[in-house]
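Residue-level structural notes
Okay, here's what each chain looks like letter by letter:
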Amino acid sequence: RGERDAHTFPSLGLCEAPRASRLRSLRLAGCVPPPLHGYGALTVLVLQDLPESTPAAAYEGVFTSCPQLQTLHLVSCGCSSAKGIMLVVFVDAPRSQMRELVVEDCVFRQLQVVALPRLESLASIRTRVFFETSTSAPRLSQLNITMHCGDDPLLLGWVLELDLDGFVEDTPGTRSLVIRFTGPYRWIVPSSAPPAAEFLLP
C-alpha cells in the first residue's frame, strides 16, 4: 500500500450512464472511489486497500450518495490527514437502506455512526466503531467485534479500552454479540475491580 499503488477510477466505460445506473454490485481495490450518486441500482459495495490519503468525505459520501446501498464492506482502507494523523469518519445517513456493514483492518481513528436507521448487522474487525446514541442504529441485532491488543511490548502502557456496558447501552436491540480479543496481550477487568487493567500473557 502507498500513494504509488493508488489509482483513480476512470471516468469512462462502466462509470458512464447508463451502464453505471445498472450496476448492482461493485468491488473497488487500490483506487479512490468515484462519486457514486449515479449508481442508482447499486446494493453491494466493497472498498479495499484505499490509500491513507483518502479523505473522510469520500467514505462519508458513500453512505449519503447511495441511500439504496444495502451492504458495504470497507477492508484495509485508510483515512489520514496530510500530517499522517488518523481521522474520524462520521456516518450520518438517516435515509440509508444499509443493513450490513463490515469494517475490517481500516486505518481510521474511528468510524462514528450518527445515523444508520436500518442497519441490522455490523462486523467491526480491528477497527474502532462507535455509536453516537442508542438511536443511531435502532435495528442493529447482530454485532461482531474483534479487537487486536498490540504486538509491541513497548506499547504495553497504552490501553485500548472497550467499555462493554456503554457499548451495549448504545445498541439496545442486539440479540447476537460476538467479541474476540486477538494479539499477545489480553485482559479482562471485572466490574467491581479498580479502573486499572490487568494484562495477562496468553
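Above this note sits the structure.
Read on for an overview of the structure. A quick note: this is a predicted structure, and the numbers were derived from the prediction, not measured. (Residues numbered from 1 in each chain as written. Predicted model: local features only at pLDDT ≥ 70, side-chain atom pairs only at ≥ 80, totals over all residues. Heavy atoms only, no water.)

With respect to the state of the cysteines
Threshold: Criterion for a disulfide: a pair of cysteine sulfur atoms within 2.5 Å.
Applying the stated criterion to the full structure yields zero disulfides. Of all cysteine sulfurs in the structure, the one in Cys 106 sits closest to Cys 79, which takes part in no disulfide; the separation is 9.8 Å.

A word on the packing of aromatic side chains
Worth spelling out the cut-off: Aromatic rings from Phe, Tyr and Trp, with only the six-membered ring used for Trp, were paired whenever their centres fell within 6.5 Å, and each pair was classed as stacked if the ring planes differed by under 30 degrees, edge-to-face if by over 60, and tilted otherwise. Strands are runs of DSSP state E lasting at least 2 residues, helices are runs of H or I lasting at least 4, and numbering of each runs from the N terminus.
Scanning all chains against the criterion turns up one aromatic pair. Between Tyr 59 and Phe 108 the ring centres are 5.1 Å apart and the planes differ by 70°, which places this aromatic pair in the edge-to-face class. Remark: Phe 108 occurs in the loop between strand S7 (100-104) and strand S8 (110-115) and Tyr 59 occurs in helix H2 (residues 56-65); sequence separation between them is 49 residues.

A few points about the environment of Ser 80
For the record, the criterion: To sort residues, take the accessible area from a 1.4 Å probe on protein chains only and compare it with the maximum for the residue type: under 20% means buried, over 50% means exposed, and anything in between is partly exposed. Note on contacts: a residue pair qualifies if any of its non-hydrogen atoms lie within 4.5 Å across the two residues.
In this structure, Ser 80 sits in the loop between strand S5 (71-75) and strand S6 (88-92). Accessibility expressed as a relative area gives 9% for Ser 80, which makes it buried. Each C-alpha atom, one on Ser 80 and one on Pro 55, is 7.2 Å from the other, the two residues being 25 residues apart in sequence. Apart from residues lying up to four places away in sequence, Ser 80 is in contact with Glu 52, Ser 53, Thr 54, Ile 85, Met 86, Leu 87 and Val 107.

A look at unusual backbone geometry
Positive phi, normally seen in glycine, also occurs at Asp 105, with a value near 55°. Looking at Asp 105, the relative accessible area reads 29%, which means it is partly exposed. A positive phi angle, close to 55°, is found at Arg 126, a residue other than glycine. Positionally, Arg 126 belongs in the loop between strand S9 (121-125) and strand S10 (129-131).

A closer look at the side chain of Thr 71
By the secondary structure assignment, Thr 71 is in strand S5. For Thr 71, a relative accessible area of 16% gives the class buried. Thr 71 has contacts with Thr 43, Val 44, Leu 45 and Glu 100, leaving out every residue within four places of it along the chain.

Section: the sheet that holds S8
Formally: Pairing between strands is defined by DSSP: at least two bridges between the two strands are required. Interaxial angle, 0 to 180 degrees, is taken between N-to-C directions of lines fitted to C-alpha atoms, where a helix line uses only the stretch in contact.
One open sheet accounts for three strands, arranged S6-S8-S10; its pairing is parallel. Every other strand in the sheet has two partners, leaving S6 and S10 as the edge strands with one partner each. Sheet twist, expressed as the average angle between the axes of neighbouring strands with direction ignored, equals 20°. Looking at chain direction, S6 and S8 are connected through five bridges and run parallel. Within the sheet, the bridge partner assigned to Val 89 lies in S8 and is Leu 111.

A short note on the pattern of salt bridges
Note the cut-off: Whenever Lys or Arg places a side-chain nitrogen within 4 Å of a carboxyl oxygen from Asp or Glu, that contact is recorded as a salt bridge.
Applying the stated criterion across every chain yields a total of two salt bridges. Residue Arg 126 pairs with Glu 104 through a salt bridge whose shortest N-O separation is 3.9 Å. Of this pair, Arg 126 sits in the loop between S9 and S10 while Glu 104 sits in strand S7, and the two are 22 residues apart along the sequence. A relative accessible area of 24% places Glu 104 in the partly exposed class. Note that Asp 105 is salt-bridged to Arg 126, the shortest N-O span being 2.6 Å. With a gap of 21 residues between them, Asp 105 in the loop between S7 and S8 and Arg 126 in the loop between S9 and S10 connect regions that are remote in the sequence. Residue Arg 126 is classed as partly exposed on the basis of its relative accessible area, which comes to 34%. What emerges from the salt-bridge pattern is a single network uniting Glu 104, Asp 105 and Arg 126.

A closer look at the pairing of strand S2 (residues 25-29)
Side-chain positions along a regular strand alternate between the two faces of the sheet. Here S2 shows a clear split, with Leu 26 and Leu 28 buried on one side and none of Ser 25, Arg 27 and Ala 29 buried on the other. Taken together, the five bridges between S2 and strand S4 (residues 44-48) define a ladder with parallel strand orientation. Each residue of the ladder has a partner; that of Leu 28, found in S4, is Leu 47.

Some remarks on the environment of Phe 108
For Phe 108, a relative accessible area of 5% translates into the label buried. In this structure, the C-alpha to C-alpha distance between Phe 108 and Ala 56, residues 52 residues apart in sequence, is 9.0 Å. If we skip the residues at most four places from it in the chain, Phe 108 touches Tyr 59, Leu 74, Cys 77, Gly 78, Cys 79, Met 86, Leu 87, Val 89, Val 103 and Thr 127.

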